[in-house]
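# Understanding the architecture of this molecule
What follows is each chain in one-letter form.
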Amino acid sequence: MIYGLRILVTGGAGYIGCHAVKELVKAGHRVTVLDNLSKGHRAAVKDANFVQADLARKKIVTELLQAEQIEAVMHFAASSLVGESMQHPAAYYQNNVVNGLNLLEAMREAGVTYLVFSSTAAVYGEPIATPITEDHPTLPTNPYGATKLAVEEALAWYYRAYGLKYISLRYFNAAGADPDGDLGEDHDPETHLIPLVLKVALGQLPAVKVFGSDYPTPDGTCIRDYIHVTDLAGAHVLAIEALAGGSEPAIYNLGNGSGYSVLEVIRTAEKVTGRVLPLNTTGRRPGDPAVLVAGPEKIRRELGWEPRYSDLPTIIETAWRWHRNHPRGFAEK
Ligand code: UDP
């Protein structure tokens, strides 16, 4: 175990970032969050230093790394919606690639050599084999996946040339909320299935839209691998400690290895909430593969990662608690 690392977390006020900050602080690390608050919430950062800044301002980032004597970085700050990326690729290249490279350059200038990078299953594109393991071909079908892959490729070269050691974590579907009830998902607009389903349960939305019922799956709806955000956060702690302990660069999938259809998610949410959820089946959402399920054995084997909250009812129960107790998210009640 490695304690007391000084860690900069970019995007630490966002959904996954704030859960990771909580786990890092619990594990005894000293955290500074850098976030431009374009999507994140100041109230989501509780036990860490907070700096509101944008990665476009490289000089500020370099100075922060130096002033705080940062030893390792976790990089969550990014744009992350597939549909939006199809409409605005330029914004995705700017925010994810250009600003990502600013961060790498700032790290180089400040001599910081450990990075945990938030990547995505979208780097794989349409799966040719399921479950998806890390050696699956990477052929992204949208700019979101392409920009994440571009940064991963830069990392490999930065390692060779400059010794930057990184672990890239390719997330499947992050979901759920902090089991203590302090943190949860709060996007505006919300596009993700589980929070939308729970907004229907709360009466904030009239019906769950089901995007496509003609997929080649048992019930015709898409299958995804949902991973609890706290389990995902725990993997980040293991990754950063592994790097600081001398691990070589690596790429890991982060999912559970079991998939659930959209209808299974909705039925589980009906059981958890005790409410009947009206459905409205619409056409497919462009860019959605039928099945995305991780082969997560590598991270279990190499980092000893064990999910604790990731069965679907637990994911939905924790999310339900958050949404019921915080119907306006992080805004004042
Ligand atoms: N989905 C849906 N209705 C919605 C939102 C999502 O049917 O209102 C489906 C979507 O097509 C996908 C799954 O739910 O198959 C998960 O989508 P989400 O946006 O939560 O995550 P993504 O897979 O895009 O990362």
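Shown above is the structure to which this text applies.
Residues numbered from 1 in each chain as written. Predicted model: local features only at pLDDT ≥ 70, side-chain atom pairs only at ≥ 80, totals over all residues. Heavy atoms only, no water.

## Here's the deal with the sheet that holds strand S14 (residues 291-292)
Taken in spatial order, the three strands of this open sheet run S12-S9-S14, and their pairing is mixed. Strands with a single pairing partner mark the edges of an open sheet, and in this sheet they are strand S12 (260-261) and S14. Bridge count between strand S9 (residues 223-224) and S14: two bridges; the pairing is parallel. Residue pairing in the sheet places Arg 224 in a bridge with Leu 292 of S14. (Pairing = 2+ DSSP bridges. Helix = DSSP H or I, 4+ residues; strand = E, 2+ residues; numbered from the N terminus.)

## Thoughts on the packing of helix H1 (residues 15-26) against helix H7 (residues 229-244)
Where H1 meets H7, the closest approach of the two axes is 8 Å, and the angle between their N-to-C directions is 60°. Between H1 and H7, the interaxial angle falls into the category oblique. Between H1 and H7 lies a crossing of right-handed hand. When H1 is examined against H7, the residues Tyr 15, Ile 16, His 19, Ala 20, Glu 23 and Leu 24 are found in contact with a partner set consisting of Val 229, Thr 230, Leu 232, Ala 233, Gly 234, Val 237 and Ile 240. Of the residues that constitute the contact of H1 with H7, the class distribution is nine nonpolar, three polar and one charged. (Axes fitted to C-alpha atoms, helices over the stretch in contact; angles between N-to-C directions. Parallel < 35°, antiparallel > 145°, perpendicular 65-115°, else oblique. Left-handed = near helix turned anticlockwise from the far one by under 90°. Contact = heavy atoms within 4.5 Å. Nonpolar A, V, L, I, M, F, W, Y, C, P; charged D, E, K, R; others polar.)

## Here's the deal with the nonpolar core
Val 9, Leu 24, Ile 167, Leu 169, Ile 240, Leu 254 and Ile 299 are the most contacted members of the largest nonpolar core, which totals 37 residues. For this core, the secondary-structure elements that each account for two or more residues are strand S1 (6-10), H1, strand S2 (30-35), strand S4 (72-75), strand S6 (165-171), H7, strand S11 (250-254) and helix H9 (297-303). A total of nine residues in this core trace back to one element, the largest contributor, which is H7. Excluding residues within four positions of it along the chain, Ile 167 makes contact with Leu 115, Val 116, Phe 117, Ala 239, Ala 242, Leu 243, Ala 250 and Tyr 252. Within the second largest apolar cluster, 24 residues are counted, among which are Val 197, Ala 201, Tyr 215 and Val 265. (Core = buried A, V, L, I, M, F, W, Y, C linked by side-chain atoms within 4.5 Å. Buried < 20%, exposed > 50% of the residue type's maximum accessible area, 1.4 Å probe, protein only.)

## A closer look at the packing of aromatic side chains
Inspection of the entire model under this criterion finds two aromatic pairs. Ring centres of Tyr 158 and Tyr 162 lie 5.0 Å apart, and the angle between their planes is 75°; on these two criteria the pair is classed as edge-to-face. Placement of both Tyr 158 and Tyr 162 in helix H5 (residues 143-162) is noted, with a separation of four residues, approximately one turn of the helix. Geometrically, the ring pair formed by Trp 322 and Phe 330 is tilted, given 4.9 Å between the ring centres and 50° between the ring planes. Residue classification places Trp 322 among the buried positions, given a relative accessible area of 1%. When the ring centre of Tyr 162 is taken as origin, the NZ or CZ atom of Arg 108, which lies over that ring, is 4.0 Å away. Across the ring face of Tyr 215, the terminal group of Arg 284 is positioned such that the distance to the ring centre comes to 4.0 Å. (Phe/Tyr/Trp six-rings, centres within 6.5 Å; stacked < 30°, edge-to-face > 60°. Lys NZ or Arg CZ within 6 Å of the ring centre and 35° of its normal.)

## Here we look at the site of the ligand
Looking at the ligand, there are 14 residues lining it, with Leu 193, Lys 209, Phe 211, Arg 285 and Asp 288 nearest. Between the ligand and the protein, one listed contact pairs an oxygen atom with a backbone N or O atom of Leu 193 at 2.8 Å. Compared with its free state, where it exposes 510 Å², the ligand has 87% of that area covered by protein. Put simply, the parts of the chain that give the shell around the ligand at least two residues each are helix H6 (193-201) and strand S8 (208-211). (Near = heavy atom within 4 Å. Polar contact = N/O pair within 3.5 Å; in protein donor to acceptor, adjacent residues only side chain to side chain. Areas by Shrake-Rupley, 256 points an atom, 1.4 Å probe, with all protein chains shown as cover.)

## A few points about the packing of H6 against helix H8 (residues 262-273)
Packed helix pairs are specified by the crossing angle of their axes together with the interaxial distance, meaning the distance between the axes. Between H6 and H8, the least distance of the axes is 10 Å, while the angle of their chain directions is 40°. If you check the angle between H6 and H8, you find them oblique. Our pair here, H6 against H8, has a crossing hand that is right-handed. Contact with H6, carried on its side by Leu 193, Ile 194, Val 197, Leu 198 and Ala 201, involves Val 262, Val 265, Ile 266, Ala 269 and Thr 273 of H8 and no other residues of that element. In the contact of H6 with H8, the residues fall into nine nonpolar, one polar and no charged.

## Digging into helix H4 (residues 89-110)
Compared with the 32 Å implied by 1.5 Å per residue over 22 residues, the 30 Å span of H4 between its first and last C-alpha is a close match. All of the buried residues in H4 are Tyr 92, Asn 96, Val 97, Asn 99, Gly 100, Asn 102, Leu 103, Leu 104, Glu 105, Ala 106 and Met 107. As for H4, its buried residues are in contact with S1, helix H2 (58-67), S4, helix H3 (82-87), strand S5 (114-120) and H5. Backbone geometry just after H4 places Gly 111 at a positive phi near 75°. (Expected span 1.5 Å × (residues − 1).)

## Structural notes on the sheet that holds S1
Pairing is parallel in the open sheet, where seven strands are placed in the order S3-S2-S1-S4-S5-S6-S11. Two strands bound the open sheet, and with one partner strand each, they are strand S3 (49-52) and S11. In this sheet, neighbouring strand axes are inclined to one another by 20° on average, regardless of whether the strands run parallel or antiparallel. Pairing of S5 with S6 involves seven bridges; the strand directions are parallel. Residue pairing across strands places Phe 117 opposite Ser 168, the latter belonging to S6. In the packing of H7 onto the sheet, contacts are made with S1, S4, S5, S6 and S11, and the angle to S6 comes to roughly 165°.

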